[in-house]
Amino acid sequence: MSILLEQVTKSYGEQGILENFSLEVNAGELFVLLGSSGSGKSTLLRIIAGLTPLESGRVLLHGNDVTDLAPQKRGIGFVFQNYSLFRHMTVGENISFALDIQHVSRRERAERVTELLELIGMAGLGDRFPSQLSGGQQQRVALARALAHQPQVLLLDEPFGALDAKIRIQLRQNLRMIQQRLKVTTILVTHDQDEAFELADRIGIIERGHLLDIGTPSELYRTPRSRFTASFLGNANLLQGQRRNGKLYVGETELSAAHGPDCHGNQSVDILLRPEEVELAQHPDQLQGQQIGRGIVQDVVFAGAAQRIAIRLLDSDEQLTTLNALLNTSDTAIQGIIPGSQVWVGFKHYHVLPQTPN
Amino acid sequence: MAELSVSTESLKPSVKSGSAVRFQIPYGTWGLRFAALCYLTACVIIPLIVIHVEGFRYGLDVFIQSVTRPAALRAVGLTLWTSALMTVINVIMGTLTAYVLVSYKFPGKAILNTLIDLPFAIPTLVTGVMLVLLYGPQTAIGGFFETQLGIRILFAPPGIVLALLFISYPFVVRTVQPVLMQLDVDQQEVAYTLGASPLRTFRRVILPAIRPAIITGGLLTFARALGEFGSVVIVAGNIPMRTQVASVYIYAQVEAGDMQAASGVSVILLLIAFGITLGVDFLQRRNPTHA
Amino acid sequence: MREVKLRSPLQFMLVGIVLLYAGGLIIAPIAAIVQGAFGKGLDGLFAALTEPDVIHAFQVTLFLSIIAALVNLVAGVVLAWVLVRHQFPGKRLLSALVDAPFIISPVIIGYVLIVLFGRQGWINIPGIQIAFALPGMLIATIIVSMPFVTREVMPVLANLGPEQEEGAYTLGANRWLTFWRIVLPEIRWSLLYGLALTFARALGEFGAVVVVGGAIQGYSESATVYVFRALNDRNKIGAYGVSIVLALLSVVLLMGMEQFKRRPKTLDVIQEEVQDVDFIGTSN
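Here the structure is a predicted model, which means the values were calculated and not measured.

The rules we used
- Residues numbered from 1 in each chain as written.
- Chains lettered and ligands numbered in written order.
- Predicted model: local features only at pLDDT ≥ 70, side-chain atom pairs only at ≥ 80, totals over all residues.
- Helix = DSSP H or I, 4+ residues; strand = E, 2+ residues; numbered from the N terminus.
- Contact = placed C-beta atoms within 7 Å.
- Pairing = 2+ DSSP bridges.
- Axes fitted to C-alpha atoms, helices over the stretch in contact; angles between N-to-C directions.
- Buried ≥ 20, exposed ≤ 12 C-beta atoms within 10 Å, placed from the backbone.
- Nonpolar A, V, L, I, M, F, W, Y, C, P; charged D, E, K, R; others polar.
- Core = buried A, V, L, I, M, F, W, Y, C linked by C-beta atoms within 7 Å.
- Right-handed = clockwise from strand over helix to strand, strands pointing away.
- Parallel < 35°, antiparallel > 145°, perpendicular 65-115°, else oblique.
- Left-handed = near helix turned anticlockwise from the far one by under 90°.
- pLDDT = per-residue confidence, 0-100.

Draft legend 1. Geometry of the environment of M259(B). Counting through the fold element by element, M259(B) comes out in helix α12 (residues 259–285). Residues M259(B) and A273(B) lie 14 residues apart in sequence; the distance between their C-alpha atoms is 21 Å. Not counting residues within four places of it along the chain, the set of residues in contact with M259(B) comprises E54(B) and V115(C).

Printed below as a string of structure tokens:
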């Protein structure tokens, strides 16, 4: 293991508290900590960096206990959301700051700066001042500066938060490439699920100081463990279902076990249907997957490659349940679907959320 | 030139580059502008002109002769070196005070913050009276310094420097403090994560960022101190060639009716003070690293 | 920057140095004057403060300060308005000149007034005595306390922008009404604060009034000038007593205004502060 948090406790913000928070991040992994603001994700990052002291618990980097070590001695690179470049220094001076502190020779420093500038695609711009750079360039310099002293661990706090959408996507790919090349253990904190999906080897979902879910992007998307994760990552239709005698029902419709996990006991459960798993058809036998009933189309929104369709389910216990479907514009089933028309609704895949006490 | 155009829209306000509204009825605008200029002229421009006209009234030779009298030279010299010494101390202590106020939580902080503004409120003449009471030869502190250490504080340069320090303390603190406050917290922390110790972080990261504010605050403090009168006339006394600073020299010459001597030194003081102000302006405008 | 609790010895030392310095520089002299003024007890202080010369001196000072504050209030707003809202050549230079009274020695200002209005002065108005009399002292007081209102109001006005005024114009309000209903409510705190600063500065003015007024006992003698004479006459209680009253007046006034200014932290005050910070930050 490369980064290990054991039972970390720390109160932050107005009421926020991290309580007995534990996390393992593997060597060379790019781990994304995903959460909304106030979830405690940034505090966690600052604790790993040693910038915020913790109340109890331990932090281990590469097996060494660094809990009481000053940030200067932890061998980390930290990238802040607003870049925080030293404005009175050139790009080159910024990047070589850590090496300068370590009294690395001038020649070696210059070599390393050239190398890093190439890595971030900014060769030849070492003499510029931060004020002469675009936001995206400043961000890349901040990354290079954090990597210059070859840290064991790279921590990024909302690194693309202040950039506009297009540049953000470019920089993500850039970061992914750099991280894979250097194989530095990385934790990135963000509130942006697209960013998490695109970058992460694994994602941790954090909310109010608790780690709700952890896994690869596809695991979290397909088989989330909590309602929060299900609706935080992508769009989710959450239906109330019942377990009766080992079988699963939505209303009176029995769901075939082939499309979901085994069921035990009698209780109500949450069932997750992703919009793209929802099927619509004029006749029930045109449905490929499980049928769940009839519905009335309420709204159709054209969104380029796909169309978002809202359907109110009829004939179910919960008559007001509205399902969102996402259908390819090229899908033939979409023909003739306009608000007000009746359709048969089904789905190809569903996931039953594990029951949690709360 | 919006106000020159005569158009059908002449009764509507026309906007120029989003900054000033101009009406086609110029009387109000011109009246206001005229009143403002009169006020500024009467308060600032006329005094400046009068001093220079009076100073050079009898030609350059007389001017030079009036400012090269030994007493005048001594007075200007004393003013310059005491002000400079005060500025150095004040820049160091003022910056430290601002840094401590911005960076640390400690008991008494609110009191300290209020205390710093007091010199600004207290009349400078009263400052002089206070220092006489504290450091006068008959007082415990003044007596101790004089008899035990052989240092005379009052009616001597140390008293002048103390008075100037007192009245100038708020200026450097209040110039540096806002800059420190808006300084990116993260910059300091980035430096920590890159291995820089707190001292090194201060020297390499914080100090360069606040240096322009420190220099500005210091120079303005110095320019102000050159003309200080109320406190200095009391702590320094009025002994020509020894404790007479420039402003007191001018006062003494006016009292004695020697207008030529007074205006000569006045011109010198003003030239130095305005030179510094221009320098500050220049420093503020020239800066390659900040856009 | 982020405030932290004191942890390392170095941090304790830095705070200690600052507290010692501020204490020695500021508290010690204040303590000394309080002790000095009460040296002969409350009765002695009371007697010293009720002398006819003292009462007259305070009357002169209050007269000068009130008139100067009012003049600078009105003229300062006009000047701020013109410097912020109007466009004309030389505006930058004029803005810079507003600060000039801060760095011109008050003695020089008094001296200029003597040159202009003195016995062989440039200007002689028959029947009106300006130098060595109250009118001269009033002019001197107005000049030395001139920049405050303008300096306080200008940033708020600049930050306010012309949009609200333009909005009022489109709704049919004339300029006078717009000023009273739209602009004045926005600048009132900075205006009051500037007024207090002006008044405090006028209260404590010494150099300019002593030179132009000629320090004629019982006539052109303001409170500060009285202190100066009392010191020379070795009338210690009188000097210390009047000093303390002067200091108290301006300290209470300014600290009170400070509270006043802080409390209603409306958007314009916050913006003003942000702008102040920006000004220094970007000019680096």
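Okay, back to it.
Draft legend 2. Structural detail: the sheet that holds strand β19 (residues 342–347) of chain A. Residues and elements named next belong to chain A. Here we have five strands laid out as an open sheet, ordered β15-β19-β16-β17-β18, and antiparallel in their pairing. Only two strands of the sheet have a single neighbouring strand rather than two, namely β15 (278–281) and β18 (322–328). Pairwise comparison of adjacent strand axes, ignoring direction, gives a mean angle of 45° for this sheet. Two elements, strand β16 (residues 290–303) and strand β17 (residues 306–313), share eight bridges in a ladder whose sense is antiparallel. Along β17, the bridge assignment pairs V297 with I311.

Draft legend 3. Region of interest: unusual backbone geometry. A positive phi angle, close to 45°, is found at E158(A), a residue other than glycine. Mapped onto the elements of the fold, E158(A) is located in the loop between β7 (153–157) and α6 (165–182). Residue classification places E158(A) among the buried residues on the basis of 20 C-beta atoms within 10 Å. Backbone geometry places F155(B), a non-glycine residue, at a positive phi of 55°. Assignment of secondary structure puts F155(B) in the loop between α6 (140–149) and α7 (157–182).

Draft legend 4. Representation of the environment of G75(A). Residue and element names in this part refer to chain A. Along the chain, G75 falls in the loop between β5 (64–65) and β6 (76–79). Put simply, G75 and L154 are 79 residues apart on the chain and 9.1 Å apart in space, counted from C-alpha to C-alpha. Not counting residues up to four positions away in its chain, the partners in contact with G75 are P151 and Q152.

Draft legend 5. How the structure looks around the interface of chain B and chain A. The interface of chain B with chain A comprises 19 residues on the first partner and 20 residues on the second. Looking at the side of chain B that touches chain A, the elements that each hand over two or more residues are α8 (185–193) and α9 (198–226) of chain B. In terms of residues, the side of chain B that touches chain A owes the most to one element, α8(B), which gives six residues. Here the residues of the side of chain B that touches chain A sort into nine nonpolar, six polar and four charged.

Draft legend 6. Quick peek at the nonpolar core. Residues V129(B) and V265(B) are the most contacted members of the largest nonpolar core, which totals 240 residues. Once you skip the residues sitting within four places of it in the chain, V129(B) turns out to touch I234(B), I33(C), V227(C), L231(C), A239(C), Y240(C) and S243(C). Core analysis: the next-biggest nonpolar cluster, separate from the first, contains 24 residues, A236(A), L239(A), I271(A) and V278(A) among them.

Draft legend 7. View of the interface of chain B and chain C. At the junction of the two partners, chain B supplies 80 residues and chain C supplies 82 residues. Among the elements that take part in the side of chain B that touches chain C, helix α1 (residues 26–55) of chain B stands out by supplying 14 residues, more than any other. In terms of residue class, the side of chain B that touches chain C is built from 57 nonpolar, 17 polar and six charged. With two bridges connecting them, strand β3 (residues 104–105) of chain B and strand β1 (residues 4–5) of chain C associate as parallel partners. Residue Y104(B) lies in a different strand from β1(C), and its bridge partner there is V4(C).

Draft legend 8. Examining the pairing of β7(A) more closely. All names here are of chain A. The element β7 is extensively covered by neighbouring structure, given that five of its five residues are classed as buried. Side chains V153, L155 and D157 project from β7 onto one buried face, and the interleaved L154 and L156 project onto a second face that is buried too. Where β6 lies against β7, four bridges are found, and the strand directions are parallel. The partner of F78 across the bridge, within β7, is L155. Across five bridges, the pairing between β7 and strand β8 (residues 185–190) is parallel. Considered in β8, the bridge of L156 is made with L188. Each parallel crossover has a hand, and for β7 linked through α6 to β8 it is right-handed.

Draft legend 9. Representation of the packing of helix α8 (residues 147–160) of chain C against helix α10 (residues 175–204) of chain C. Residues and elements named next belong to chain C. The geometry of α8 relative to α10 is characterised by a closest axis approach of 7 Å and an angle of 165° between their N-to-C directions. Taken together, the axes of α8 and α10 are roughly antiparallel relative to one another. Note that α8 runs across α10; the crossing there is right-handed. Every residue of α10 that contacts α8 at F148, V149, E152, V153, V156, L157 and L160 is listed here: E186, I187, S190, L191, Y193, G194, L195, L197, T198 and R201. Looking at side-chain class alone, the contact of α8 with α10 contains 11 nonpolar, three polar and three charged residues.

Draft legend 10. Region of interest: the sheet that holds strand β10 (residues 210–215) of chain A. Residues and elements named next belong to chain A. Reading across from one edge, β6-β7-β8-β3-β9-β10 is the order of the six strands in this open sheet, with mixed pairing throughout. Each edge of the open sheet carries a strand with a single partner, namely β6 and β10. Along the sheet, successive strands turn relative to each other by an average axial angle of 15°, direction set aside.

Draft legend 11. Main features of the confidence of the model for chain C. All names here are of chain C. When pLDDT is averaged along chain C, the result is 86; 90% of the residues meet or exceed 70. Overall, residues 263–284 carries pLDDT values under 50, and its contacts beyond four positions in sequence, including any with other chains, amount to 30 contacts. Scoring the predicted complex yields pTM 0.79 and, for the interface, ipTM 0.86.

Draft legend 12. Highlighting the environment of L49(C). All names here are of chain C. When you line up the elements, L49 lands in helix α2 (residues 41–49). The exposure class assigned to L49 is partly exposed, which follows from the 17 C-beta atoms found within 10 Å. If sequence neighbours within four positions are ignored, L49 has contacts with V54, G241 and V245.

Draft legend 13. Examining the packing of helix α3 (residues 52–85) of chain C against helix α12 (residues 223–232) of chain C more closely. Residue and element names in this part refer to chain C. In the contact formed by α3 and α12, the axes pass within 7 Å of each other and the chain directions differ by 145°. Counting all contacts with α3, which are made through D53, V54, A57, F58 and T61, the residues of α12 involved are A223, V225 and Y226. Here the contact of α3 with α12 is built from residues that sort into six nonpolar, one polar and one charged.

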